[in-house]
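# Inside the fold
Take a look at the letters that make up each chain.
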Amino acid sequence: MQKLIINGGKKLCGEIRTQGSKNAALPIMAAAVLCGEKVVLHNCPKISDVYSAMRILTYLGCKASFDGNTAVINSENISCSEISEELMREMRSSIFFLGAVLGRTGRCRLSLPGGCDLGPRPVDIHLSALRKMGVRIKEEYGGLDCSVEKKLTGAKIALSFPSVGATENIILAAVLAEGTTVISNAAREPEIADLADFLNRCGAKIHGAGGSRITINGVKQLHGCEYEIMPDRIACATYLACTASAGGELIVTDCRPSDMENILPVFEQMGCIVHALDSKIFFSAKYPLHAVAPIRTMVYPGFPTDAQAFVMAALCRAKGTSVFVENIFENRYKHVGGLTRMGADILVEGKVAVIEGTPRLYGVKTEAPDLRGGAGLVTAALAAEGTSEISAVHHIDRGYEEIEKVLTSVGADIKRI
Ligand code: UD1
């Protein structure tokens with residue numbers, strides 16, 4: 001089992017290029033199934049979730065290769081509309097293949113997806129929308145057998161909650177459906193607009209993505225294209241949190257600060273200096289950090305649940321009391337155990353976590369509980385006195401491209417064993 005060994009207390013200084021977005025790349029890779037031609041995706045992050053998506057594409061009969069940060073996918077000869085349980089278990093985003101495979105073949109058999117254990121992660125909103133579009137769904141033994149009687153048909157779908165995955169799955173199912181689909185109360189995350197931009201480049205007719213009302217006019221077929229995946233706002237924010245935590249000055253390039261207006265002000269409240277200019281962020285940490293006003297995780301454009309763990313980690317040494325309210329997932333404080341073992345003073349009561357800043361953290365042996373929780377432990381370990389050993393690095397590798405190399409390049413003392 002791989003571990004990260006971190007000797008804390010080194011300031012971070014230098015320049016980091018933002019990786020491509022995981023949460024944009026995964027639905028776009030599933031969308032390639034709909035195109036029936038060659039798709040070239042640039043700026044694809046080299047992370048294990050992307051490799052899992054490549055394996056699913058190959059299983060379905062697509063030609064899929066990955067070189068540097070470019071994925072080439074050709075879905076001309078799809079031979080299968082079933083995805084094995086083993087592949088579905090590898091990540092939550094495997095569920096995107098449901099909308100895409102149904103849209104392409106009218107049939108899809110798969111089991112319920114795996115991914116980070118953040119509490120219950122049902123797919124009822126996905127399924128009730130697909131049913132409205134004419135999909136018959138048999139749920140049996142943890143699996144789904146979905147088929148379309150004649151053709152997928154457009155429908156008016158009002159989401160009970162603006163689920164990111166459900167919004168994307170509906171878009172995927174709707175682009176080749178007969179007629180018009182209108183999604184109201186759609187999720188507004190920037191990655192949804194990226195998926196729609198990609199599909200429109202392939203000939204789809206999607207309007208309003210990025211807003212809460214999305215209209216999809218079904219088209220007869222799509223074609224291939226070349227596309228550049230958007231930058232990863234969560235990875236970018238992670239490296240800012242690492243710098244806030246350890247101290248130092250960082251320039252992050254190739255990012256999109258306009259997508260981060262829900263996170264950057266929190267770093268300013270901590271006392272850090274944040275200058276965003278075009279696709280760059282100039283960041284300077286000022287010791288001591290200050291506690292911030294209560295943070296409530298919300299759907300976009302609210303504060304992202306994906307940033308909760310590493311922002312909390314940075315606040316462990318801030319002066320004063322910070323409060324988090326986690327509103328999106330039931331079980332997303334699993335990093336708190338590791339942080340408190342490092343000496344952080346955190347009280348969790350249901351959805352609420354209260355952090356009393358302490359001047360020092362200490363290196364310990366701990367385990368990444370999930371993807372962002374693991375990033376939170378790395379954030380804290382960079383500021384801790386002594387050596388930390390973080391195991392279960394496979395969780396972190398799901399979303400971060402070579403995290404130890406990126407951090408080493410800006411002065412951290414971190415290695416993988
Ligand atoms: C996506 C992101 C993930 C992020 C999350 C919330 C990707 C690949 N993943 O996950 O990084 O943390 O958005 O911003 O983009 N829910 C239901 N029924 C459903 C669907 C969702 O009850 O059918 C609930 C979930 O259990 C959860 C909440 O809605 O409590 C948010 O889920 P959703 O927006 O669907 O998140 P994901 O698409 O899984």
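Structure's up top.
Okay, so let's go over this structure. None of these values were measured; they are calculated from a predicted model. (Residues numbered from 1 in each chain as written. Predicted model: local features only at pLDDT ≥ 70, side-chain atom pairs only at ≥ 80, totals over all residues. Heavy atoms only, no water.)

## Some remarks on the overall build of the chain
For the record, the criterion: Numbered from the N terminus, helices here are DSSP runs of H or I no shorter than four residues, and strands are runs of E no shorter than two. Every radius of gyration here is taken over C-alpha atoms, with the globule rule written as 2.2 Å times N^0.38, N being the number of residues. Exposure is judged per residue with a 1.4 Å probe applied to protein chains only, and the accessible area is read against the type maximum: over 50% gives exposed, under 20% gives buried, and values in between give partly exposed. Contact definition: two residues touch when any of their heavy atoms are within 4.5 Å.
Secondary structure assignment for the chain yields 14 helices and 23 strands. For 417 residues, the compact-globule estimate of 2.2 N^0.38 gives 22 Å, and the C-alpha radius of gyration of the chain, at 21 Å, lies within 12% of that figure. Expressed as lengths along the three principal axes of its C-alpha atoms, the size of the chain is roughly 65 × 40 × 40 Å. Among the 417 residues that make up the chain, the fraction classed as buried is 58%. Partitioning the intrachain contacts of the chain with sequence separation of at least 6 by distance along the chain shows that 72% fall at a separation of at least 24.

## Examining the site of the ligand
What counts, and what does not: Residue proximity to a molecule or strand is established when one non-hydrogen atom of the residue lies within 4 Å of it. Each polar contact in these results corresponds to two N or O atoms within 3.5 Å; when the atoms are within protein, one needs to be able to donate a hydrogen and the other to accept it, and residues that are neighboring in sequence are counted only if both atoms are side-chain atoms. Per-residue accessibility takes into account occlusion by the displayed protein chains alone, with areas from the Shrake-Rupley method and a 1.4 Å probe. Under the scheme applied, nonpolar residues are Ala, Val, Leu, Ile, Met, Phe, Trp, Tyr, Cys and Pro; charged residues are Asp, Glu, Lys and Arg; polar residues are all the others, including Gly.
The local shell around the ligand holds 19 residues, among which Asp124, Ile125, Ser163, Asp306 and Ile328 are the closest. Note that an oxygen atom of the ligand is positioned 2.8 Å from one of the backbone N or O atoms of Ile125. Notes on the ligand: free accessible area 750 Å², of which the protein chains cover 86%. Of the residues contributing to the shell around the ligand, the split by class is eight nonpolar, six polar and five charged.

## Some thoughts on the nonpolar core
Rules: For the purposes of this section, nonpolar cores are sets of buried Ala, Val, Leu, Ile, Met, Phe, Trp, Tyr and Cys residues that join through side-chain atoms within 4.5 Å.
Phe198 and Leu199 are the most contacted members of the largest nonpolar core, which totals 80 residues. Per element, the largest residue contribution to this core is 11 residues, and it comes from helix H1 (residues 22-35). The residues contacting Phe198, other than those within four sequence positions of it, are Ile28, Ala31, Ala32, Cys35, Val39, Leu41, Cys225 and Tyr227. Counting residues in hydrophobic clusters, the runner-up holds 72 residues, among them Cys236, Val311, Leu371 and Ala375.

## A closer look at the environment of Lys150
The topology assignment puts Lys150 in the loop between strand S8 (143-148) and strand S9 (156-158). Look at Lys150 and you get exposed, because its relative accessible area is 83%. Each C-alpha atom, one on Lys150 and one on Gly134, is 8.2 Å from the other, the two residues being 16 residues apart in sequence.

## Some details on the pattern of salt bridges
Pairs can form between side chains of opposite charge whenever their charged atoms are close. Under the convention used in this document: For this analysis, a salt bridge means a side-chain nitrogen from Lys or Arg found within 4 Å of a carboxyl oxygen belonging to Asp or Glu.
Under the criterion given, the structure shown has 15 salt bridges. For Lys3, the salt bridge goes to Glu389, with nearest N and O atoms at 3.0 Å. Residue Lys3 is located in the segment before strand S1 (4-7), and its partner Glu389 is located in strand S22 (residues 387-391); the two are separated by 386 residues in the primary sequence. Residue classification places Lys3 among the partly exposed residues on the basis of a relative accessible area of 28%. Put simply, Glu191 and Arg233 hold a salt bridge, and the shortest N to O gap is 2.8 Å. Placement of the pair is Glu191 in helix H7 (residues 190-201) and Arg233 in helix H8 (residues 233-246), with a sequence separation of 42 residues. Both residues of the pair, Glu191 and Arg233, belong to the buried class. Where salt bridges share partners, they join Arg107, Arg109 and Asp145 into one cluster.

## With respect to the side chain of Gln19
Relative to the elements of secondary structure, Gln19 occurs in the loop between strand S2 (12-17) and H1. By relative accessible area, Gln19 is classed as buried at 7%. Excluding its chain neighbours within four sequence positions, the residues that come into contact with Gln19 are Asn43, Pro45, Ile47, Pro231, Asp232, Ala235, Gly399, Tyr400 and Glu401.

## Points about helix H2 (residues 48-59)
Stated formally: Given a helix with a known number of residues, its expected span is that number minus one, times 1.5 Å.
Across its 12 residues, H2 extends 17 Å between first and last C-alpha, which sits within 8% of the 16 Å expected from 1.5 Å per residue. Looking only at H2, the buried set comprises Asp49, Val50, Ser52, Ala53, Met54, Ile56 and Leu57. In the core, the buried residues of H2 are packed alongside H1, strand S4 (63-67), strand S5 (70-74), helix H3 (85-89) and helix H4 (96-105). Positive backbone phi, approximately 105 degrees, marks Gly61, located one or two places after H2.

## Focus on the sheet that holds strand S7 (residues 135-140)
Keep this limit in mind: Strand pairing is assigned whenever DSSP identifies at least 2 bridges connecting the two strands. Inter-axis angles, ranging from 0 to 180 degrees, are taken between N-to-C directions of lines fitted to C-alpha atoms, where helices are fitted over the stretch in contact.
With respect to topology, three strands assemble into an open sheet ordered S6-S8-S7, the strand pairing being antiparallel. Two strands in the sheet have a free side with no partner beyond their single neighbour: strand S6 (107-111) and S7. If you compare each strand with its neighbour and ignore which way they point, the axes differ by 10 degrees on average. Two elements, S6 and S8, share five bridges in a ladder whose sense is antiparallel. Note on S8: the bridge partner recorded for Cys108 is Cys146. On the sheet, H4 packs against S6, S7 and S8 and is oriented at approximately 155 degrees with respect to S6. On the sheet, helix H5 (residues 124-132) packs against S7 and S8 and is oriented at approximately 145 degrees with respect to S7.

## Some thoughts on the sheet that holds S1
The mixed open sheet is built from four strands, whose spatial order is S21-S22-S1-S23. Bordering the open sheet on either side are strand S21 (365-367) and strand S23 (413-416), each of which pairs with just one other strand. Adjacent strand axes in the sheet meet at a mean angle of 20 degrees, parallel and antiparallel pairs treated alike. As paired strands, S1 and S23 are joined by four bridges and run antiparallel to one another. Of the residues in S23, the one forming a bridge with Leu4 is Arg416. Contacting S1, S21 and S22, helix H12 (residues 371-381) crosses the sheet at an angle of about 170 degrees to S22.

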